[in-house]
Amino acid sequence: AARAAGIVAWALLAASVTWGLALSTHVLGRKPRPAWLLDLHRALGGLAVIFTAVHVVTIMLDSYVHFGLAEALVPLASTWHPVAVAWGIAAFSLPAAVELTSLARRKLPNRLWRRVHFASFPLFVSATLHGLSAGTDTRTAVAIVATVAMLVPVIGLCVVRLQRRGSTSRSKVPGFERPAFTGDAARDRAALARPR
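Parameters and conventions
Residues numbered from 1 in each chain as written. Predicted model: local features only at pLDDT ≥ 70, side-chain atom pairs only at ≥ 80, totals over all residues. Heavy atoms only, no water. Helix = DSSP H or I, 4+ residues; strand = E, 2+ residues; numbered from the N terminus. Areas by Shrake-Rupley, 256 points an atom, 1.4 Å probe, with all protein chains shown as cover. pLDDT = per-residue confidence, 0-100. Contact = heavy atoms within 4.5 Å. Salt bridge = Lys/Arg side-chain N within 4 Å of Asp/Glu carboxyl O. Buried < 20%, exposed > 50% of the residue type's maximum accessible area, 1.4 Å probe, protein only. Core = buried A, V, L, I, M, F, W, Y, C linked by side-chain atoms within 4.5 Å. Expected span 1.5 Å × (residues − 1). Axes fitted to C-alpha atoms, helices over the stretch in contact; angles between N-to-C directions. Parallel < 35°, antiparallel > 145°, perpendicular 65-115°, else oblique. Left-handed = near helix turned anticlockwise from the far one by under 90°. Nonpolar A, V, L, I, M, F, W, Y, C, P; charged D, E, K, R; others polar. Patch = residues over 30% accessible without salt bridge, like charges linked within 9 Å, V, L, I, M, F, W, Y side chains within 5 Å.

Looking only at helices and strands, the protein chain has nine helices and zero strands in total. Summed over its atoms, the accessible surface of the protein chain is roughly 12700 Å², and 68% of this surface lies on carbon and sulfur atoms.

Here's what the structure looks like:
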């Protein structure tokens, strides 16, 4: 139950991050978009939080590894694979914050919500490292294929997001406009040097 809940929690987290990136990069199309697309992203995140809680509770109930409250909540307190467990504890502390601020988004300043929501990326990295280093099934062929299948879209959409963010951030700088190049090197240098 503990392993299954952990695997399902990670898969739901990967799906939520993928879906969120798909929405923010507009690969699913520009606005207006159906409300169910955003609802699906929220539902995946909420389910990931629930299965993460099930994973932690069942680990604490398991008599094989003897996890108490301290071992489940304090990094490096565990004697069983302490670093691997620490990655999981780091991942465990973030989803509740992301989920709660998402539920209260309309009451929060957009900048605060966005900063907390960006915690999804280190959360996903920590959860992935936890699963790969602590998971007992990670070296099976099925687990390797599933991990790659979940990581490829996340990494690909992150690259798309960073590229689009870089190209739009320059255009949002006050006074910035792309100069029209004439082909004459002297005029083009002068246009670039001219204060805007």
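Here the focus is the confidence of the model for the protein chain. Mean pLDDT over the protein chain stands at 75; residues scoring 70 or higher make up 80%. This model gives residues 173-183 a pLDDT under 50, and the stretch forms 15 contacts once residues within four places in sequence are excluded.

Glancing now at the pattern of salt bridges. A full pass over the atoms with the stated rule returns one salt bridge. The residue Asp-39 makes a salt bridge to Arg-42 at a minimum N-O spacing of 4.0 Å. In this pair, Asp-39 and Arg-42 both sit in helix H2 (residues 35-61), three residues apart, roughly one turn of the helix. In this structure Arg-42 comes out as partly exposed when scored by relative accessible area, which is 36%.

This part covers the nonpolar core. Core analysis: the largest hydrophobic core is formed by 15 residues, its most contacted members being Leu-13, Val-17, Leu-21, Phe-124, Ala-127 and Val-154. Taken together, the elements giving at least two residues each to this core come down to helix H1 (2-24), H2, helix H7 (120-134) and helix H8 (141-171). If one sorts the elements of this core by residue count, H1 sits on top with seven residues. Beyond its immediate chain neighbours, meaning those up to four positions away, Leu-13 contacts Ala-48, Leu-123, Phe-124 and Ala-127.

In this section: the side chain of Thr-18. Tracing the chain through its elements places Thr-18 in helix H1. The class of Thr-18 is buried, set by a relative accessible area of 19%. Here Thr-18 is in contact with Met-150, Pro-153, Val-154 and Leu-157, once residues within four sequence places are set aside.

This brings us to the environment of Phe-121. Along the chain, Phe-121 turns up in helix H7. Between the alpha carbons of Phe-121 and Val-17 there is a distance of 7.8 Å; along the sequence they are 104 residues apart. Excluding its chain neighbours within four sequence positions, the residues that come into contact with Phe-121 are Val-17, Leu-21 and Cys-158.

Right, let's talk about helix H4 (residues 82-93) for a bit. The terminal C-alpha atoms of H4 lie 16 Å apart, and with 12 residues this matches the ideal 16 Å at 1.5 Å per residue to within 8%. Burial in H4 covers these residues: Ala-84, Val-85, Ala-86, Gly-88, Ile-89 and Ala-91.

Look at H1 against H2: their axes get within 8 Å of each other, and the N-to-C directions meet at 155 degrees. If you check the angle between H1 and H2, you find them roughly antiparallel. In the crossing of H1 with H2, the sense of the turn from one axis to the other is left-handed. Split by residue class, the contact of H1 with H2 holds 19 nonpolar, eight polar and no charged.

Looking at the secondary structure, you find Ala-48 in helix H2. The class for Ala-48 is buried, based on a relative accessible area of 5%. Put simply, Ala-48 and Ala-14 are 34 residues apart on the chain and 9.0 Å apart in space, counted from C-alpha to C-alpha. Discounting residues that sit within four places of it in the chain, Ala-48 has contacts with Ala-9, Leu-12 and Leu-13.

The next thing to look at is a nonpolar patch on the surface. There is a patch of nonpolar side chains on the surface, built from Leu-76, Val-83, Trp-87, Val-125 and Leu-129 and spanning about 450 Å² of accessible area. Structurally, the position occupied by Trp-87 is in helix H4. Classification of Trp-87 by relative accessible area gives partly exposed; the value is 36%.

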